[in-house]
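The chain contents come next:
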Amino acid sequence: METYPQKFKYTKNSAFLTDEQRQFYEDNGFIVFKKLISDEILDQCLQRFVDICTKKVAPQGNTILMKDLELAKTGKTAEHLYYKINDFLYDDVFFQYAVYKKLVDVVSSIIGNNITATHSMLINKPPGSTCDASRHPMHQDQYYFPFGPPENVVAAWTALETINEKNALETINEKNGCLFVLPGTHKGKLYHHDYPQGVANKAFYGVQGFDDHPRVNLIMNKGDTVFFHPVILHGSGPNTTQGFRRAISVHYVDTNCEFYDFMGTKREEIANEIVQMFAKKNVILPYQDIWKYKGRLIRGPAGNFQKYTSRL
Ligand SMILES: O=C(O)CCC(=O)C(=O)O
Ligand SMILES: [Fe+2]
């Protein structure tokens, strides 16, 4: 009997993707939707970030605020100092982004209808930092994730309001540190990740090489959203402007995913580093459980994450 190759390997259904969009994601490992998220939600998230940075409000849940060490040396404070807030899924304001219907609909066409959000961050690139502190070295998200398979995982990344030195609205572009992707690399393997020379930011591991591989810079306006596969090689350049570059991102996984043990593998080092980061916040858990603890149920039954995601 003749066998036919499976047409779709990286997406689950066509409910919220046209055939063309589905094929694009299958071939390239990413897809951009223009203006997917309402300004209202994005404005609230950005304000929340600023209010947390200025200590005007305390975030809900176990968020982690990350300081740019280079900017700290120059006496910067608040949103001029912090480059990231991680793990905001239990904060009601940020959570609105993670459950935004149009966004989760697209996610459901890529990974299916049992959805847990596990990794979340608002990434700020304040002006005035060094190239090494403000770029995000090229990497594969799956390298960090102790769950899979990768086709059951997807990232959503949305451009927030970005302003230039004249305080005018600006796209996220090559000058202020846009995201770049290497199309098609989601079909490849996981590559070795290491700390690139000069990079001090915690857990900013990178992959070297691929200089000859086509690279797409994602120029985005406020609300534009890219969905990408966790094996695709991607990163972001430094912000060389006097404005801010700001984005919000959540990674989703099929609630019934498998969990992998990194102990005894090359990824043990990164696992230990993240376990220690959480231990400093008094969250003492094995690596796999950290991802469950960070997670929050979005659609469908609680499944593998239940022990932690039912804590509300
Ligand atoms: O926004 C950035 O600079 C990098 C984001 C990223 O790597 C991600 O969302 O996985
Ligand atoms: Fe990433």
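Only a predicted model underlies this, so the values are computations on that prediction, with no experimental measurement involved. (Residues numbered from 1 in each chain as written. Chains lettered and ligands numbered in written order. Predicted model: local features only at pLDDT ≥ 70, side-chain atom pairs only at ≥ 80, totals over all residues. Heavy atoms only, no water.)

A. The arrangement of the sheet that holds strand β5 (residues 136-139) in detail. The strand order across the open sheet formed by four strands is β5-β11-β8-β9, and the pairing between neighbours is antiparallel. One side of each edge strand has no neighbouring strand; the edge strands of this open sheet are β5 and β9 (216-217). In the sheet, β5 pairs with strand β11 (residues 234-236) via two bridges, with the strands oriented antiparallel. From the neighbouring strand, His136 faces β11, where its bridge partner is Ser236. (Pairing = 2+ DSSP bridges. Helix = DSSP H or I, 4+ residues; strand = E, 2+ residues; numbered from the N terminus.)

B. Examining the pattern of salt bridges more closely. The final tally for this structure, using the stated rule, is 10 salt bridges. We note a salt bridge from Asp224 to Lys34, for which the minimum N-O separation is 3.3 Å. Of this pair, Asp224 sits in the loop between β9 and β10 (225-228) while Lys34 sits in the loop between β1 (30-33) and α2 (39-53), and the two are 190 residues apart along the sequence. Across the pair Lys101 and Asp105 runs a salt bridge, and its minimum N-O distance is 2.6 Å. In this pair, Lys101 and Asp105 both sit in helix α5 (residues 101-111), four residues apart, roughly one turn of the helix. One connected set of salt bridges, linked through shared partners, spans Asp43, Glu161 and Lys222. (Salt bridge = Lys/Arg side-chain N within 4 Å of Asp/Glu carboxyl O.)

C. The arrangement of the nonpolar core in detail. Counting residues in hydrophobic clusters, the biggest one holds 44 residues, and the most contacted among them are Phe94, Tyr97, Leu103, Phe227 and Tyr252. Only β1, α2, β3 (82-86), α4 (92-98), α5, β4 (115-125), β7 (153-159) and β12 (245-254) provide two or more residues apiece to this core. Looking at this core element by element, the count peaks at seven residues for α2. Discounting chain neighbours no more than four positions away, the residues touching Leu103 are Leu36, Ile37, Tyr97, Ala98, Ala156, Thr158, Thr225, Phe227 and Tyr252. (Core = buried A, V, L, I, M, F, W, Y, C linked by side-chain atoms within 4.5 Å. Buried < 20%, exposed > 50% of the residue type's maximum accessible area, 1.4 Å probe, protein only. Contact = heavy atoms within 4.5 Å.)

D. Looking closely at the site of ligand 1. Around ligand 1, the surrounding shell holds 14 residues, and the nearest of these are His139, Asp141, Trp157, Ser236 and Arg245. Between an oxygen atom of ligand 1 and a side-chain N or O atom of Arg245, the distance comes to 3.0 Å. In isolation ligand 1 exposes 290 Å². Once the protein is present, 99% of that is buried. Because more than half of its atoms lie within 2 Å of the grid, ligand 1 is assigned to the largest cavity. At the level of secondary structure, the elements contributing two or more residues to the shell around ligand 1 comprise β4, β5, β11 and β12. (Near = heavy atom within 4 Å. Polar contact = N/O pair within 3.5 Å; in protein donor to acceptor, adjacent residues only side chain to side chain. Areas by Shrake-Rupley, 256 points an atom, 1.4 Å probe, with all protein chains shown as cover. 1 Å grid on protein atoms, 1.4 Å probe; cavity = no way out; pocket = protein on both sides within 12 Å on 5 of 7 lines; lining within 4 Å. Sits in = over half its atoms within 2 Å of the grid points.)

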